[in-house]
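A structural walkthrough
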Amino acid sequence: MMLNEGLNRVRDLVDTYLDDGVFGTGTTAELVSDQTLETEVAATEGSTTSVTVTNLLKVTREIDSLTGNGSSLSEVAFQNNAGDTIVNRVTFSAFAKTDSVQMTAETRWHFS
């Protein structure tokens with residue numbers, strides 16, 4: 001059995017790795033073999049913020065009203081650095097990103 005101390009150390013290792021998030025316009029469902037977004041919108045790539053509590057890591061990427069406008073965003077991923085292989089990918093219903101929209105994507109990792 002892995003104890004909370006061990007789980008929190010694994011959480012902290014993952015936390016140090018997930019420094020970058022990016023949105024895209026791809027619509028193909030996620031596969032465990034994905035290595036990149038289907039169609040990345042480079043302007044949306046940037047730093048993440050994270051919060052840790054016992055056995056839980058929450059990583060967030062926010063884009064402001066000036067970023068990614070004119071794109072129909074429908075996917076998001078998190079990675080170590082720009083251009084690295086992604087470690088997770090989520091697709092969602094596409095929406096037109098305009099200057100009246102700010103967006104936040106969040107991924108939660110529970111270690112148990």
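Let me begin by describing the structure that accompanies this report.

Here is what the cut-offs are and how they apply
- Residues numbered from 1 in each chain as written.
- Predicted model: local features only at pLDDT ≥ 70, side-chain atom pairs only at ≥ 80, totals over all residues.
- Heavy atoms only, no water.
- Helix = DSSP H or I, 4+ residues; strand = E, 2+ residues; numbered from the N terminus.
- Buried < 20%, exposed > 50% of the residue type's maximum accessible area, 1.4 Å probe, protein only.
- Expected span 1.5 Å × (residues − 1).
- Arc of directions from axis to C-beta.
- Core = buried A, V, L, I, M, F, W, Y, C linked by side-chain atoms within 4.5 Å.
- Contact = heavy atoms within 4.5 Å.

Here we come to the overall build of the protein. When its secondary structure is counted, the protein shows 1 helix and 7 strands. Element order for the protein, N to C, with α for helix and β for strand: α-β-β-β-β-β-β-β. Considered along the principal axes of its C-alpha atoms, the protein spans approximately 50 × 30 × 25 Å. Sorting the 112 residues of the protein into buried and exposed places 38% on the buried side.

What sets the pattern is the α-helix's 3.6 residues per turn: residues three or four places apart point alike. The terminal C-alpha atoms of helix 1 (residues 4-17), which comprises 14 residues, lie 20 Å apart, in line with the 20 Å expected from a rise of 1.5 Å per residue. Of the positions making up helix 1, those classed as buried are L7, N8, R11, V14 and D15. The buried residues of helix 1 occupy one face: seen down the axis, they fall within an arc of 120 degrees. Exposed residues on helix 1 whose side chains face more than 90 degrees from its buried face are R9, L13 and T16.

Within the largest apolar cluster, 14 residues are counted, with the highest numbers of intra-cluster contacts made by L18, F23, L57, L73 and F78. The set of elements that each furnish at least two residues to this core consists of helix 1, strand 4 (56-63), strand 5 (72-79) and strand 7 (103-110). Apart from residues lying up to four places away in sequence, L18 is in contact with T48, L57, V59, F78, Q79, V87 and W109.

Tracing the backbone through its elements, the reader meets I63 in strand 4. We classify I63 as buried; its relative accessible area is 3%. For the pair I63 and G26, spaced 37 residues apart in sequence, the C-alpha to C-alpha distance is 18 Å. Apart from the residues lying within four places of it in its own chain, the contact partners of I63 are F23, T44, L73, K97, Q102 and M103.

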